[in-house]
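One letter stands for each residue in the lines below.
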Amino acid sequence: PVLHDIDVDIPAGSFVGIVGHTGSGKSTLLSLLLRFYTAQRGHIRVDGQRLEAVPEAAFRDAVGLVPQEPYLMSASVRENIAMGRPGVTEEDVQAAARAARADDFIAALPQGYDTRLGEGGARVSTGQKQLLAMARALAGAPRILFLDEATSNIDSATEQRVGEALAALRGRVTVVAIAHRLST
């Protein structure tokens with residue numbers, strides 16, 4: 001066991017940062033919140049309902065995750081942003097890219113949204129992968145957005161732009177950001 005005696009209340013629409021050193025339990029807490037693990041003791045509730053009682057498909061539709069090391073398919077930018085969401089429209093994809101501040105670099109790619117990224121996103125930088133992962137998460141219109149060191153490979157100017165984009169979500173989306181640095 002890594003986590004002991006934790007009691008947290010995160011109001012809907014708030015922005016919460018979970019900061020700590022390596023090994024402090026940040027990733028374990030995130031895995032519990034995402035239902036990757038089941039709590040051995042205690043309960044996690046979402047909107048007053050025990051997490052394990054929420055149908056998994058409904059829960060997955062309600063959350064977005066931007067991991068530290070996102071995986072991209074050997075597909076187009078558009079397909080990577082819309083991944084796994086058949087109802088996402090072209091307008092949704094572009095709006096998500098703008099919200100994630102990825103639209104400028106996408107426009108500079110040889111075929112824009114039609115540019116194929118190569119295996120694992122080989123044709124874009126690590127920071128650009130994180131921006132595409134942010135766009136992917138936002139394209140699903142999540143109620144809860146989890147960021148796991150999501151800006152660790154982005155330059156400070158782009159990180160500031162992403163921060164502005166996240167600020168625009170305040171009150172509408174609950175954001176839980178995991179980070180090593182308090183400034184993040």
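For the structure, check the block above.
Residues numbered from 1 in each chain as written. Predicted model: local features only at pLDDT ≥ 70, side-chain atom pairs only at ≥ 80, totals over all residues. Heavy atoms only, no water.

Student: Let's hear about the environment of Ala62: which residues, and what values?
Tutor: In this fold, Ala62 is placed in helix H2 (residues 56-62). We classify Ala62 as buried; its relative accessible area is 13%. Ignoring sequence-local partners within four residues, the contact set of Ala62 consists of Pro142, Arg143 and Ile144. (Helix = DSSP H or I, 4+ residues; strand = E, 2+ residues; numbered from the N terminus. Buried < 20%, exposed > 50% of the residue type's maximum accessible area, 1.4 Å probe, protein only. Contact = heavy atoms within 4.5 Å.)

Student: Give me the nonpolar core: which residues, what numbers.
Tutor: If you look at the biggest cluster of nonpolar residues, it comprises 35 residues, and the most contacted ones within it are Ile81, Ile106, Leu132, Met134, Leu145 and Leu147. Those elements giving two or more residues to this core turn out to be helix H3 (77-82), helix H4 (90-99), helix H5 (103-108), helix H6 (126-139), strand E5 (144-148), helix H7 (156-167) and strand E6 (174-179). No other element matches H6, which puts 8 residues into this core. Excluding residues within four positions of it along the chain, Ile106 makes contact with Val77, Ile81, Ala97, Gly112, Tyr113 and Leu132. Counting residues in each nonpolar core, the second largest holds 16 residues, with Ile18, Leu29, Leu30 and Leu33 among its members. (Core = buried A, V, L, I, M, F, W, Y, C linked by side-chain atoms within 4.5 Å.)

Student: Explain the sheet that holds E6 to me, and be specific about the residues and the numbers.
Tutor: Reading across from one edge, E1-E6-E5-E4 is the order of the 4 strands in this open sheet, with parallel pairing throughout. Bordering the open sheet on either side are strand E1 (15-19) and strand E4 (63-66), each of which pairs with just one other strand. With strand direction ignored, the average angle separating the axes of adjacent strands in the sheet is 15°. With 5 bridges connecting them, E1 and E6 associate as parallel partners. The residue of E6 that forms the bridge with Gly17 is Ala177. Here H6 sits on the sheet in contact with E4 and E5, set at roughly 180° to E4. (Pairing = 2+ DSSP bridges. Axes fitted to C-alpha atoms, helices over the stretch in contact; angles between N-to-C directions.)

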